[in-house]
Amino acid sequence: MKRVVVGLSGGVDSSVAAYLLKEQGYEVIGLFMKNWHDDSVTISNECPWLEDSNDALLVAEKLGIPFQTVDLSEEYKDRIVDYMFKEYESGRTPNPDVLCNREIKFDVFMKIALSLGADFVATGHYCRKGILEKDGKEIYQLLAGIDGNKDQSYFLCQLSQEQLSKSLFPIGELTKPQVREIASKLDLVTAEKKDSQGLCFIGKVRLPEFLQQKLQPKEGIIIEIDKNDPIYAIEKPTFESMEEQLNFDAQPFKYLPTMGKIVGKHQGAHYFTIGQRKGLNVGGTKEALFIISTDIETNTIYTGQGQFHPGLFRKALKVQPNEVHWIREDLRLQNGETKEVTARIRYRQALQKATLYHFESGLYVVFDEPQSAITEGQFVAWNVGDELVGSGVIS
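Residues numbered from 1 in each chain as written. Predicted model: local features only at pLDDT ≥ 70, side-chain atom pairs only at ≥ 80, totals over all residues. Heavy atoms only, no water.

Student: Would you mind showing me how to read the overall build of the protein here?
Tutor: Summing up its helical and strand segments, the protein has eight helices and 17 strands in all. Scaling as 2.2 N^0.38, a compact globule of 395 residues should have a C-alpha radius of gyration of about 21 Å, and the protein matches this with 23 Å. Dimensions of the protein along its principal axes, counting C-alpha atoms only, are 65 × 55 × 35 Å. A burial count over the protein gives 50% of its 395 residues as buried. Contacts in the protein between residues at least 24 apart in sequence constitute 69% of all its contacts with a sequence separation of at least 6. (Helix = DSSP H or I, 4+ residues; strand = E, 2+ residues; numbered from the N terminus. Rg over C-alpha atoms; globule rule 2.2 N^0.38 Å. Buried < 20%, exposed > 50% of the residue type's maximum accessible area, 1.4 Å probe, protein only. Contact = heavy atoms within 4.5 Å.)

Set out below in structure tokens:
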């Protein structure tokens, strides 16, 4: 009998995942990850992880499976939280959920599970795993979940063949309403529970408040750049090579304070991210102001009016050579090769048509249509059909 350790988070998805595995004849063990207990950084007195671990325990009891809690807060702090602050301080916007899966759930947590004699680790992600045979070797595929509305393969875009080989995603074939229905029929305490929002570890905490406790505020100016600014009409130089042209296209616009007018003040450029609209507290503009660029060096935020401001759009982005990750190693591009794919630069974005160009200097993703708010530090993930085959950090 194969043994599976399920990461029970106290939510409905992992609860139903555990039930399905049991139905399929696996020996199931429930494990709750406690990832955070730094009381110096809390926002509300609610203690979400206690509530969640209690719910997870009740689900395990109901399903009749063994349950325990593992404390991963040390590793969490080292690998996720410290990394996040470093990224924010340098003006990039990390994605803690993608990292949490790569570094915690499918690494630290997986190692614990395997040490308990598990054959597999299962989570409540809406995605599927496929297996191909190639040259007599098994190759694992990360496929989109059936529920197009909830597909979470993007969050797993940094997993490796090794990690996928030991993973199971029991609810990938179901839609969210079906999952809730199963939970209700079983009368699980999590059946009606709202989906968790916010960071994948601090429960009720909102990111800006969390950052403010660790990154010192410093006042700077907010500048508005007109959509008809000459910077958007610059003639493109002629390029010696495709690589030069792509490098040019992937560069964000460089702004100077003299290009626009001061419209307000902010408490620290590192709290803000490109494409952000809320939290600027600048009124009196005809259309809403969107952040088009942040400059950490000078602590300046550049904004533009409206969601179609030209400063928000770019057709190309670059991934540094050491940040390119292929789930499907066998599809890895060689220097000079290109590949047509569909790609997304954030969770829940519809897949966009794009072409990959691989050079020694890095990988370029060139979209058919210009994309809004391409953000440094976030992940771009690319698909072939409904299979996610690779990803990288936007540089």
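Student: Would you mind showing me how to read the sheet that holds strand β2 (residues 27-34) here?
Tutor: The strands that make up a sheet are held in pairs by hydrogen bonds between backbone atoms, and each pair lies either parallel or antiparallel. Overall, parallel pairing links the five strands, which are arranged β3-β2-β1-β4-β7 in an open sheet. Sheet topology places β3 (67-71) and β7 (167-168) at the edges, where each strand pairs with a single neighbour. Judged from the five bridges that link them, β2 and β3 form a sheet pairing that is parallel. Note that in β3 the partner of phenylalanine 32 across the bridge is threonine 69. Here helix α1 (residues 12-23) sits on the sheet in contact with β1 (3-7), β2, β4 (120-122) and β7, set at roughly 170° to β1. (Pairing = 2+ DSSP bridges. Axes fitted to C-alpha atoms, helices over the stretch in contact; angles between N-to-C directions.)

Student: Got a minute to help me understand the pattern of salt bridges in this structure?
Tutor: A side chain of one charge can pair with a side chain of the opposite charge when the charged atoms of the two come close. One pass over the structure, following the stated rule, counts 20 salt bridges. Close ionic contact of aspartate 330 with lysine 134 constitutes a salt bridge, the shortest N to O distance being 2.7 Å. Remark: lysine 134 occurs in strand β5 (residues 127-134) and aspartate 330 occurs in the loop between β12 (313-326) and β13 (338-344); sequence separation between them is 196 residues. The exposure class assigned to lysine 134 is partly exposed, which follows from its relative accessible area of 33%. Shared partners join several salt bridges into a network, and the residues in it are Arg79, Arg102, Glu103, Asp107 and Lys111. (Salt bridge = Lys/Arg side-chain N within 4 Å of Asp/Glu carboxyl O.)

Student: Help me understand the nonpolar core in this model?
Tutor: Generally speaking, nonpolar side chains in soluble globular proteins are found buried as a group. Formed by 51 residues in total, the largest nonpolar core has its most connected members in Ile104, Phe109, Leu142 and Leu280. Elements represented by at least two residues in this core include exactly β2, α3 (73-89), α4 (96-115), β6 (137-144), α7 (207-214), β10 (289-295), β16 (379-384) and β17 (387-394). In this view, leucine 142 contacts Cys127, Arg128, Ser153, Leu156, Cys157, Leu164, Phe169, Ile327, Asp386, Glu387 and Leu388; residues no more than four positions away in its chain are not counted. Core analysis: the second largest hydrophobic core is formed by 27 residues, Val4, Leu8, Ala17 and Val28 among them. (Core = buried A, V, L, I, M, F, W, Y, C linked by side-chain atoms within 4.5 Å.)

Student: Teacher, can you tell me more about the sheet that holds strand β9 (residues 261-266) here?
Tutor: As summarised here, the arrangement of the four strands in space is β9-β8-β11-β10, forming an open sheet in which the pairing is mixed. A strand with exactly one partner marks an edge of an open sheet, and here the two such strands are β9 and β10. Sheet twist, expressed as the average angle between the axes of neighbouring strands with direction ignored, equals 30°. Summarising the sheet, β10 and strand β11 (residues 300-305) pair through six bridges and their orientation is antiparallel. The residue of β11 that forms the bridge with aspartate 295 is threonine 300.

Student: Is there a simple way to explain the packing of α3 against α4 in this structure?
Tutor: Packed helices, taken two at a time, are described by their axes: the angle between them and the distance between them. One can describe the packing of α3 onto α4 by two numbers: an axis separation of 10 Å at closest approach and a directional angle of 165°. Taken together, the axes of α3 and α4 are roughly antiparallel relative to one another. Every pair of crossing elements has a handedness; the one defined by α3 and α4 is right-handed. Along the contact surface, α3 presents Glu75, Tyr76, Arg79, Ile80, Tyr83 and Met84, while α4 presents Pro96, Leu99, Cys100, Glu103, Ile104, Asp107 and Val108. Classifying every residue of the contact of α3 with α4 gives nine nonpolar, no polar and four charged. (Parallel < 35°, antiparallel > 145°, perpendicular 65-115°, else oblique. Left-handed = near helix turned anticlockwise from the far one by under 90°. Nonpolar A, V, L, I, M, F, W, Y, C, P; charged D, E, K, R; others polar.)

Student: Explain α4 here, please?
Tutor: Residues spaced three or four apart along an α-helix point in a common direction, a consequence of the helix completing one turn every 3.6 residues. Of all bends in α4, the biggest is about 30°, found at phenylalanine 109. In this structure asparagine 95 caps α4, since a side-chain oxygen of it lies 3.0 Å from the backbone nitrogen of aspartate 97. Taken from the residues just after α4, glycine 117 is the one with a positive phi, measuring 80°. (Bend = angle between axes of the 7 residues up to and from the residue. Polar contact = N/O pair within 3.5 Å; in protein donor to acceptor, adjacent residues only side chain to side chain.)

Student: Sorry if this is basic, but what is going on with the packing of aromatic side chains here?
Tutor: Think of a pair of aromatic rings as described by two things: how far the centres are apart, and how the planes are tilted against each other in angle. Applying the stated criterion to the full structure yields eleven aromatic pairs. For the ring pair tryptophan 326 and tryptophan 382, a centre distance of 5.4 Å and an interplane angle of 70° mean the geometry is edge-to-face. Here tryptophan 382 lies in strand β16 and tryptophan 326 lies in strand β12, a separation of 56 residues in the sequence. According to the relative accessible area criterion, tryptophan 326 is buried, its value standing at 1%. A connected cluster of aromatic rings, assembled from ring pairs, spans Tyr232, Phe253, Tyr255 and Tyr302. (Phe/Tyr/Trp six-rings, centres within 6.5 Å; stacked < 30°, edge-to-face > 60°.)

Student: Help me understand the environment of valine 366 in this model?
Tutor: Considering the arrangement of structural elements, one finds valine 366 in strand β15 (residues 362-372). Valine 366 sits 49 residues away from leucine 317 along the chain, and the two C-alpha atoms are 6.6 Å apart.

Student: What's the story with the side chain of aspartate 107 in this structure? I'm lost.
Tutor: Inspection of the secondary structure puts aspartate 107 in helix α4. There is a polar contact of 2.8 Å between the side chain of aspartate 107 and the side chain of lysine 111. In contact with aspartate 107, not counting residues within four places along its chain, are Arg79, Arg102 and Gln163.

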